[in-house]
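Commentary on secondary and tertiary structure
Here's the letter readout for the chains.
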Amino acid sequence: MAEIDASDFYTELLRPRGLGWCVGTSIRSPAGDTLVFSIEKAHSKGPVPRSVAETLDHLRPHLARASVLSARLGLDRAISTVATLDAIGLPAAALASTGRIISANAGFLASKGHVRVGAGNLIQFTSEPAQTLLTEAISRGGRSSNGIGRSIPVRATKTDPAFVAHVVPLHGGGRDVFTGALSIVFITSMVPSTSPASPLLQALFDLTPAEARTASQITEGKSIEQISFTTGIAQNTIRSHLKSVFQKTGVQRQAELVSLLGVTIHQVT
């Protein structure tokens, strides 16, 4: 009891809400997860009697079997999904909630120039900014600030074109409780001959409409002064939009942004 009374989990979370006693069990899933079932009881009613725990013990084998079945279904679904994406030319991999690759298609495994499968079956980008964005996306279960997914740009090198890695959370049956929050990562090359349209940039990089317009105009070779003159927007506002674009795309300079989008221009001010 002394240990429980010193625990913030009990004193600050459970007891202020009228809870504080529980009965539970843990099950090791074949997917590698540990499932914890905890049934809370009102604190004022005292500890859970052992007889109640013994009654609930009869449910435990059913819960364990359910975890085996759903883990198997989740794995089959992931394999089927990435295989389908490979058939239409999209390199893709299915991730567990920890970022561990559950299944990857041939196209994804062949993308060794920019991305590889590292220790622990984790995705590793050669681009450090892209890796940071990926880690952040995985920690959020594949969701961006708007909750629907995250797109991670990786700029071109001397030998490989730029591409975008899209981290998409699976909903409903795809996010089975026994296999963790699964996400699909798929890669699309990005080699436009002209500046991408604002709606495309907005969708790819989670930009606001204003940020997307600024990024599009910058990649057309326009300077901040030119954008301000033609739009009537203050230069400081444009710089603020551009700073946010840099943060979301993982670049630090205008020239890097233009290179990322695969557009060649003569001058960037």
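Reading guide: rules and limits
Residues numbered from 1 in each chain as written. Predicted model: local features only at pLDDT ≥ 70, side-chain atom pairs only at ≥ 80, totals over all residues. Heavy atoms only, no water. Helix = DSSP H or I, 4+ residues; strand = E, 2+ residues; numbered from the N terminus. Contact = heavy atoms within 4.5 Å. Areas by Shrake-Rupley, 256 points an atom, 1.4 Å probe, with all protein chains shown as cover. Salt bridge = Lys/Arg side-chain N within 4 Å of Asp/Glu carboxyl O. Buried < 20%, exposed > 50% of the residue type's maximum accessible area, 1.4 Å probe, protein only. Core = buried A, V, L, I, M, F, W, Y, C linked by side-chain atoms within 4.5 Å. Pairing = 2+ DSSP bridges. Axes fitted to C-alpha atoms, helices over the stretch in contact; angles between N-to-C directions.

1. Some points on the overall build of the protein
Within the protein, the secondary structure is distributed over 11 helices and nine strands. For the protein, contacts bridging at least 24 residues in sequence account for 47% of all contacts bridging at least 6. For the protein, the accessible surface area stands at approximately 14600 Å², while carbon and sulfur atoms represent 57% of it.

2. Topic: the pattern of salt bridges
Enumeration according to the criterion identifies five salt bridges in this entry. Ionic pairing is found between Glu 211 and Lys 248, a salt bridge with its closest N-O pair at 3.0 Å. Placement of Glu 211 in helix α8 (residues 209-219) and of Lys 248 in helix α10 (residues 235-249) is noted, with a sequence separation of 37 residues between them. The buried category is assigned to Glu 211, whose relative accessible area is 7%. For Lys 248, a relative accessible area of 23% translates into the label partly exposed. The partner of Glu 220 in a salt bridge is Lys 222, and the shortest N-O contact between them spans 3.7 Å. The class for Lys 222 is partly exposed, based on a relative accessible area of 29%. It is possible to trace a salt-bridge network through shared partners that takes in Arg 50, Glu 54 and Asp 57.

3. Let's talk about the environment of Glu 128
Here Glu 128 shows up in helix α6 (residues 128-139). Of the residues examined, Glu 128 reaches a relative accessible area of 64% and is grouped as exposed. Sequence separation between Glu 128 and Gly 250 is 122 residues; the distance between their C-alpha atoms is 8.7 Å.

4. Thoughts on the nonpolar core
Phe 108, Ile 123, Phe 125, Leu 134, Ile 152, Ala 165 and Val 185 are the most contacted members of the largest nonpolar core, which has 19 residues in total. Among the elements of the structure, β3 (92-95), β6 (123-125), α6, β7 (150-154), β8 (163-169) and β9 (183-189) are those that each provide at least two residues to this core. Sort the elements by how many residues they give to this core and α6 lands first, with five residues. Leave out the neighbours within four places in its chain, and Leu 134 touches Ile 123, Phe 125, Ile 152 and Val 167. Residues Val 164, Phe 205, Ala 212 and Leu 257 belong to the second largest nonpolar core, which totals 17 residues.

5. Quick look at the sheet that holds strand β4 (residues 101-104)
With antiparallel pairing, five strands are arranged side by side in an open sheet as β4-β3-β9-β8-β7. Only two strands of the sheet have a single neighbouring strand rather than two, namely β4 and β7. Strand-to-strand, the axes of this sheet are offset by a mean angle of 20 degrees, without reference to chain direction. Bridge count between β8 and β9: seven bridges; the pairing is antiparallel. Its bridge partner being in β9, Pro 169 is matched across the sheet by Ser 183. Contacts from α6 reach β3, β7 and β8, with the element oriented near 165 degrees to β7.

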